[in-house]
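One letter stands for each residue in the lines below.
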Amino acid sequence: MAGGNERSMKALKEVWRRVENSLCADCGKPDPDWASSTLGVFICLSCSGIHRNIPSISKVKSLKMDQWDDAQVQFLAKHGNAVTKATYEAHIPIYYYQPTYNDCQVLREQWIRAKYERKEFTEPGKQLPYSDGVKEGILWKRGRDNGQFLPRKFLLSEREGCLKYFSKQDAKEPKISIKIDVINATFQPVKIGNPNGLQITYLKDNKTRNIFVYHESGKEVVDWFNAIRSVQFHYLKVAFPIASDNEIKNRLTRNFLKEGYMEKTGPKQREAFKRRWFTLDHRRLMYFKDPLDAFAKGEVFVGSRENGYSVQKGLPSGTQGSFSWHYGLTIVTPDREYLFTCETETDQLDWIAAFTSVINQAMTPQEYASKCLDAVSFPS
């Protein structure tokens, strides 16, 4: 830490060491080493870059490299993360998604702007653009067959409990109407190739259907995301009246546990391994020929250890199918074994950890029912 007199440096270190300031105020990343001299919060390097884009609200400085005068240190001491959060996060709707440092840029930026720039959470009962129970607008949607993004009208309705999209803006009937309780939404900027890319998935005939959309405005696409969560929350409050708000919150949109390429072989385990894109969505393991496919080529249910499921490092001895990647893993189910190979040992260990986290969880009654309905498996 450079500059400043010894007294200021000592005082700054004392404020910095407070437990409340040990995590980034915006994303929760440990050991933040930046701070806003105008808001009084301690933040990480990544969030400091977002603050730098709103200079009329926040002035950021490094706690290690920049000079801090007595007045600035006193301001930090008077505020800090706990006091500032009590003001700017006083009335966050329970359904609003609060991103972490693992989330994408657009989610974190709009969270920071919502708090400090738009002050969306400072007053109770404030009318928010995602809290009306209805949202209508244009999103750029990827065509299922041609891969071209075209503007499509979307309509979200809490009263009807569904999300619709229309192939033409003046169309009276929707192309698809999706029940709100089967929808998931997760940001996928890398996969979609747009910083505001959003993947909407839903179950159709017990198969997962993917829709890929984006909006030019980061605020607008995050508003859509939170509007979906808002409608889902109120729908589930009616469907499960005795459930707590936190229980319902945990049933809203979710990020995928793991995605990436692996090689797979067919059920006879003598076929050549083929590279495919895999998505682990809790207990549904799906594979796609292309990451942006509308439908999975196959799905398999991943149950719990107590029901005969396990994951093992490596492939069974005598595996006959030829493969180009040499870091294998095996998923054991009551019905058969599924064989995969990964390109690197890191990928292999990451997939094993993801499968283990699912297998170690006890199955819910709903997951038992899902398994009974799930007749889809990996074809060859």
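Residues numbered from 1 in each chain as written. Predicted model: local features only at pLDDT ≥ 70, side-chain atom pairs only at ≥ 80, totals over all residues. Heavy atoms only, no water.

The protein chain is annotated in an unreviewed UniProt entry as ADAP1 protein from Ardeotis kori. Comment text from UniProt for the protein chain, heading Subcellular location (unreviewed entry), reads "Cytoplasm". (UniProt positions renumbered as here; feature names shortened; annotations may be inferred.)

J.: For this particular structure, what's the right way to read the packing of helix α2 (residues 45-52) against helix α5 (residues 105-117)?
T.: Two measures define how a pair of helices packs: the angle their axes make with one another and the distance between the axes. In the contact formed by α2 and α5, the axes pass within 10 Å of each other and the chain directions differ by 55°. As far as their axial angle goes, α5 and α2 are oblique. Pair α2 / α5 crosses with right-handed handedness. Residues Ser46, Cys47, Ile50 and His51 of α2 lie in contact with α5, whose contacting residues are Gln105, Arg108, Glu109, Ile112 and Tyr116. Across the contact of α2 with α5, the residue classes tally to 4 nonpolar, 3 polar and 2 charged. (Axes fitted to C-alpha atoms, helices over the stretch in contact; angles between N-to-C directions. Helix = DSSP H or I, 4+ residues; strand = E, 2+ residues; numbered from the N terminus. Parallel < 35°, antiparallel > 145°, perpendicular 65-115°, else oblique. Left-handed = near helix turned anticlockwise from the far one by under 90°. Contact = heavy atoms within 4.5 Å. Nonpolar A, V, L, I, M, F, W, Y, C, P; charged D, E, K, R; others polar.)

J.: Could you clarify how one ought to interpret the nonpolar core in this entry?
T.: In summary, soluble globular proteins display a tendency toward joint burial of nonpolar side chains. With 55 residues, the main nonpolar core has Ile43, Leu156, Ile183, Phe187, Leu198 and Ile200 as its most contacted residues. Counting residues per element, this core draws most heavily on helix α7 (residues 218-239), at 9 residues. Each of domain 1 (1-117) and domain 2 (134-250) contributes no fewer than three residues to this core. Core analysis: the second largest hydrophobic core is formed by 22 residues, Phe278, Ile331, Tyr338 and Cys342 among them. (Core = buried A, V, L, I, M, F, W, Y, C linked by side-chain atoms within 4.5 Å. Buried < 20%, exposed > 50% of the residue type's maximum accessible area, 1.4 Å probe, protein only. Domains from an automatic or database assignment.)

J.: I would appreciate a short explanation of the domain arrangement of the protein chain in the present structure.
T.: The extent of an interface is frequently quoted as the accessible surface area lost upon association of the parts. Segmenting the protein chain into domains produces domain 1 (1-117), domain 2 (134-250) and domain 3 (258-376). Each of domain 1 and domain 2 has a C-alpha centre, and these two points are 33 Å apart. In this complex, domain 1 contributes 8 residues to the contact, which on the side of domain 2 involves 17 residues. Buried area between domain 1 and domain 2, summed over both chains or domains, comes out near 1,100 Å², and the portion from carbon and sulfur atoms is 73%. By the criterion of area lost to domain 2, the three top residues of domain 1 are Ile94, Tyr95 and Val106, representing 54% of everything that side buries. Applying the counting criterion to the domain 1 and domain 2 interface returns 0 salt bridges. Applying the counting rule to domain 1 against domain 2 returns 2 residue pairs in polar contact (both at pLDDT 80 or more). Of the residues belonging to the side of domain 1 that touches domain 2, the class tally is 7 nonpolar, 1 polar and no charged. (Buried area = accessible area lost by both parts, 1.4 Å probe. Salt bridge = Lys/Arg side-chain N within 4 Å of Asp/Glu carboxyl O. Polar contact = N/O pair within 3.5 Å; in protein donor to acceptor, adjacent residues only side chain to side chain.)

J.: Please explain the pairing of strand β7 (residues 176-179) as it appears in this structure.
T.: Two faces, one strand: in a regular strand the side chains alternate between the faces of the sheet. Of the two faces of β7, only the one carrying Ile176 and Ile178 is buried; Ser177 and Lys179 on the other face are not. With 4 bridges joining them, strand β6 (residues 162-166) and β7 adopt antiparallel strand pairing. Within the sheet, the bridge partner assigned to Leu163 lies in β7 and is Ile178. (Pairing = 2+ DSSP bridges.)

J.: Where do I start with the pattern of salt bridges in this structure?
T.: Where charged atoms from two side chains of opposite charge approach closely, those side chains can pair. The tally for this structure, following the rule as stated, stands at 18 salt bridges. Of the charged contacts in the structure, one is a salt bridge between Glu259 and Lys191, with a shortest N-O distance of 2.7 Å. Of this pair, Glu259 sits in strand β11 (residues 258-264) while Lys191 is found in helix α6 (residues 189-192), placing the two residues 68 residues apart along the sequence. Taken as a pair, Glu259 and Lys191 share a single burial class, namely buried. With a closest N to O distance of 2.8 Å, Asp245 and Lys237 form a salt bridge. Residue Lys237 is classed as partly exposed on the basis of its relative accessible area of 32%. If you follow the salt bridges from partner to partner, you end up with Asp26, Lys85, Glu89 and Lys115 in one network.

J.: Any chance you could explain helix α9 (residues 345-359) here in plain terms?
T.: Because an α-helix completes one turn every 3.6 residues, residues spaced three or four positions apart along the sequence face the same direction. Its 15 residues place the ends of α9 21 Å apart at the C-alpha level, agreeing with the 21 Å of an ideal helix rising 1.5 Å per residue. For α9, the full list of buried residues reads Gln348, Trp351, Ile352, Ala354, Phe355, Val358 and Ile359. Taken end-on, α9 shows its buried residues confined to a sector of 160°, consistent with a single buried face. Where α9 is buried, its residues touch β11, β12 (274-281), β13 (284-288), β15 (310-313), β16 (327-332) and β17 (337-342). (Expected span 1.5 Å × (residues − 1). Arc of directions from axis to C-beta.)

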